[in-house]
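# Overview (structure and organization)
Single-letter residue listing:
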Amino acid sequence: MTDQTRPVTPLLDRIGGPADLRALPERDLKRLADELRAETIWTVSQTGGHLGAGLGVVELTVALHAVFNTPRDKLIWDVSHQCYPHKILTGRRERMRTIRQKGGLSGFTKRTESPYDPFGAAHSSTSISAALGFTMARELGAEDVGDAIAVIGDGALSGGMAYEAMNHAGHLKKRLIVVLNDNEMSIAPPVGAMSSYLSSLYAGAPFQEFKAAAKGAVGFLPPPFQQGARRAKEMLKGLTVGGTLFEELGFSYVGPIDGHDMESLLAVLRTVKVRADGPILIHAVTQKGKGFAEHRADRGHATAKFDPKTGEQKKAKSNAPSYTKVFAQSLIQEAAEDDRIVAITAAMPDGTGLNLFAERFPARCFDVGIAEQHGVTFCAGLAASGMRPFAAIYSTFLQRGYDQVVHDVALQNLPVRFAIDRAGLVGADGATHAGSFDVAYLSNLPNFVVMAASDEAELRHMVATAAAHDSGPIAFRFPRGEGVGCEMPERGVPLEIGKGRIVHRGSQVAILSFGARLAEVEQARERLMARGIEPTVADARFSKPLDRQMILGLARDHEALITIEEGAVGGFGSHVAHLLAEEGMFDTGLRYRSMVLPDAFIDQAGPRDMYAAAGLNVEDIEAKVLSVMGVKVLSQRA
């Protein structure tokens, strides 16, 4: 595809920033939104990325920038999958073809990228808390802080942090604007009572006079929403004055309004700007993927490059099954023979592969919504009742439930199984989604077993190991993307807890790998053998408990020992170093090195480029061995 396929956008071409947008007559804003939607579709067709969320907020994005004085007024996008139209309007249009690429724009809002991104995001349910922080900074005299506007989706509203923030905002009673972008679709269909509640909300008394004047008020909604409003009116008759949960939390409530009706949006936003004197929530009903991806099951949440005319995606063919699919298929195998096995995800059924499990065992698969804290403790309750729960949560999102991992699972020694996807560096989603810390934050917990799969066959065995492990919590991590193409066993076989394996025997130097860098280690070994160095290679399998016998044997039998892992300092290598120190192995002259992720957040790029930045690719491993064995190599060449 070339620029010849780019849409004609005469109005958008005149917009260098929101000030230009605010100079347009109101009658032109709808046409600007149409051009912005076409530009967003074309941009993502060139790069791949998040599409559906942005298409659902095009009119809302234009209206917010038209009414509020950004960047003095702080516009905060929750999660910010939906920020592509915002980026196009705020001076980044010509860089959009670099989005999610090395050296390019982030796929999320990012403070260092633009003054129009006052608060970075990528995880969910944070926007109201951040907006309230800006609000109180303004009240305390902070310079250049006007209104704070949080835009949060109905899916993100399933996260408890949003309610903590609203409860606090209601208590403080300061002017704060929250826009609820209700598209009934986050990544997967939203779950829980809140989703049902939103779809049937009745627009009650506060602000009724100007709501009726706005074309997007209840009477102008499509018939299903009108019916929902009438049903909710009957349901809420018995509640206290105010009528909605949001008003009970101290927010004035406006809506629901049609989030694609520009005239309605402008009327409501301008009225709120003039009249709001406390926290207010504007409930806008939108359609994720509007104008292009409405027919897709995920409404175009994330997409590869595609033909903007046909929508056909251009994906590279796979040479091996993905780790995620291997996990799902292995778990289905185990569950077919054990009806105590249940699976839990936090709003990521497709991303974790549990959509496949749900098709086979719908009664044993639970999507708790964007609620990792609840999800972890829910698993703890299941485990305490004799079930065998598998919590399938990305490494980066498991961070959100860490206190529950410690207090509710580890402290009580409950056998919750944690399937940790997206371990290590993840490519285009960048630092916000990297799985850098789970080895460190789990391996220091009493009672835990922590494993990492070196390939897809090992992953299948680790699923079986976790299913059979009833004596306490157990976790296994695996990366994003394809496996290495190894031969797959028909069934997983439980591994002996705390036992690694020797992959290749050599001499002088041993490389001890934990996780999916093993393939790189093996390639490095081949290159080193051409130089006359034949390293021993071992797969640790476990960071807790360590295979003491194997590790101490490697230390005794080699002059040097190098560990490598796809995690931050404080993880596997640190535990190995502690063991070696306590056993006096350094007293006899052992040379030890630990290859870990650097003490930095690595921006988005291709996986190989990211691991190059981390110093964990084949050439880095080879160089590390040559460095630690330097004197001997030089003497052999002499």
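Residues numbered from 1 in each chain as written. Predicted model: local features only at pLDDT ≥ 70, side-chain atom pairs only at ≥ 80, totals over all residues. Heavy atoms only, no water.

So, about the overall build of the protein. Within the protein, the regular secondary structure consists of 26 helices and 19 strands. For the protein, with 638 residues in total, the buried portion stands at 60%. Pairs at least 24 apart in sequence give 79% of the contacts found in the protein among residues at least 6 apart. When the accessible surface of the protein is split by element, carbon and sulfur atoms take 51% of a total near 25100 Å². (Helix = DSSP H or I, 4+ residues; strand = E, 2+ residues; numbered from the N terminus. Buried < 20%, exposed > 50% of the residue type's maximum accessible area, 1.4 Å probe, protein only. Contact = heavy atoms within 4.5 Å. Areas by Shrake-Rupley, 256 points an atom, 1.4 Å probe, with all protein chains shown as cover.)

Our focus in this paragraph is the packing of aromatic side chains. For any two aromatic rings, the description comes down to two numbers: the centre-to-centre distance and the angle of the planes. Using the criterion set out here, one finds 13 aromatic pairs in the structure. Considering the side-chain rings of Phe 327 and Phe 476, the 6.1 Å spacing of their centres and the 50° angle between planes classify their relative orientation as tilted. Placement of Phe 327 in helix 13 (residues 323-336) and of Phe 476 in strand 13 (residues 474-477) is noted, with a sequence separation of 149 residues between them. For Phe 476, a relative accessible area of 0% corresponds to the buried category. Measuring from ring centre to ring centre gives 6.4 Å for Phe 390 and Phe 476, while their planes differ by 65°; the resulting arrangement is edge-to-face. Here Phe 390 is found in strand 10 (residues 388-394), whereas its partner Phe 476 is found in strand 13, with 86 residues between them in sequence. (Phe/Tyr/Trp six-rings, centres within 6.5 Å; stacked < 30°, edge-to-face > 60°.)

All right, on to the sheet that holds strand 14 (residues 501-504) then. Read from one edge of the open sheet, five strands run 14-16-15-18-19, paired in mixed fashion. Each of the sheet's edge strands pairs with one partner strand only, and the pair in question is strand 14 and strand 19 (591-595). Direction aside, neighbouring strands of the sheet carry axes that sit 20° apart on average. Across four bridges, strand 15 (residues 509-514) lies against strand 16 (residues 536-539) in parallel orientation. Along strand 16, the bridge assignment pairs Ala 510 with Thr 536. Across the sheet, helix 21 (residues 518-529) is in contact with strand 14, strand 15, strand 16 and strand 18 (560-565); its angle to strand 14 comes to roughly 40°. (Pairing = 2+ DSSP bridges. Axes fitted to C-alpha atoms, helices over the stretch in contact; angles between N-to-C directions.)

Among the secondary structure elements, Thr 396 is positioned in helix 17 (residues 395-398). At 2.8 Å, the side chain of Thr 396 and the side chain of His 123 are in polar contact. (Polar contact = N/O pair within 3.5 Å; in protein donor to acceptor, adjacent residues only side chain to side chain.)

The interhelical angle for the contact between helix 22 (residues 548-557) and helix 23 (residues 572-582), taken along N-to-C directions, is 70°, at an axis separation of 11 Å. In terms of axis orientation, helix 22 runs roughly perpendicular to helix 23. Seen from above, helix 22 lies across helix 23 with right-handed handedness. The residues of helix 23 that touch helix 22, namely those facing Arg 548, Ile 551, Leu 552 and Ala 555, are Val 576, Leu 579 and Leu 580. Class assignment for the residues of the contact of helix 22 with helix 23 results in six nonpolar, no polar and one charged. (Parallel < 35°, antiparallel > 145°, perpendicular 65-115°, else oblique. Left-handed = near helix turned anticlockwise from the far one by under 90°. Nonpolar A, V, L, I, M, F, W, Y, C, P; charged D, E, K, R; others polar.)

A word on the pattern of salt bridges. Inspection of every chain in the model, using the stated rule, returns 38 salt bridges. Between Asp 470 and Arg 417 there is a salt bridge whose closest N-O contact spans 2.7 Å. Note that Asp 470 is positioned in the loop between helix 20 (456-468) and strand 13 and Arg 417 in strand 11 (residues 417-421), a separation of 53 residues in sequence. We classify Asp 470 as partly exposed; its relative accessible area is 40%. (Salt bridge = Lys/Arg side-chain N within 4 Å of Asp/Glu carboxyl O.)

What follows is about the nonpolar core. Ranked by size, the top nonpolar core spans 49 residues in total, and within it Leu 29, Leu 32, Val 62 and Leu 64 carry the most contacts. By residue number, the principal contributor to this core is helix 4 (residues 58-67), which donates seven residues. Dropping the residues within four chain positions of it, Leu 29 is found in contact with Leu 21, Leu 24, Val 62, Ala 66, Met 262 and Leu 266. (Core = buried A, V, L, I, M, F, W, Y, C linked by side-chain atoms within 4.5 Å.)

A word on the environment of Lys 305. The topology assignment puts Lys 305 in the loop between strand 7 (302-303) and helix 13. Looking at Lys 305, the relative accessible area reads 44%, which means it is partly exposed.

A few words now on the sheet that holds strand 9 (residues 365-367). Spatially, 9-8-10-11-13-12-17 is the arrangement adopted by the seven strands of the open sheet, whose pairing is mixed. Pairing within the sheet leaves two strands with one partner each, and these edge strands are strand 9 and strand 17 (542-544). Taken pair by pair, the neighbouring strands of this sheet meet at an average axis angle of 20°, ignoring direction. Sheet topology note: the strand 11/strand 13 ladder contains four bridges and is parallel. When the bridges of strand 13 are listed, Ala 419 appears paired with Phe 476. Those strands touched by helix 16 (residues 372-384) are strand 8 (341-345), strand 9, strand 10 and strand 11, and its axis lies near 165° from that of strand 10.

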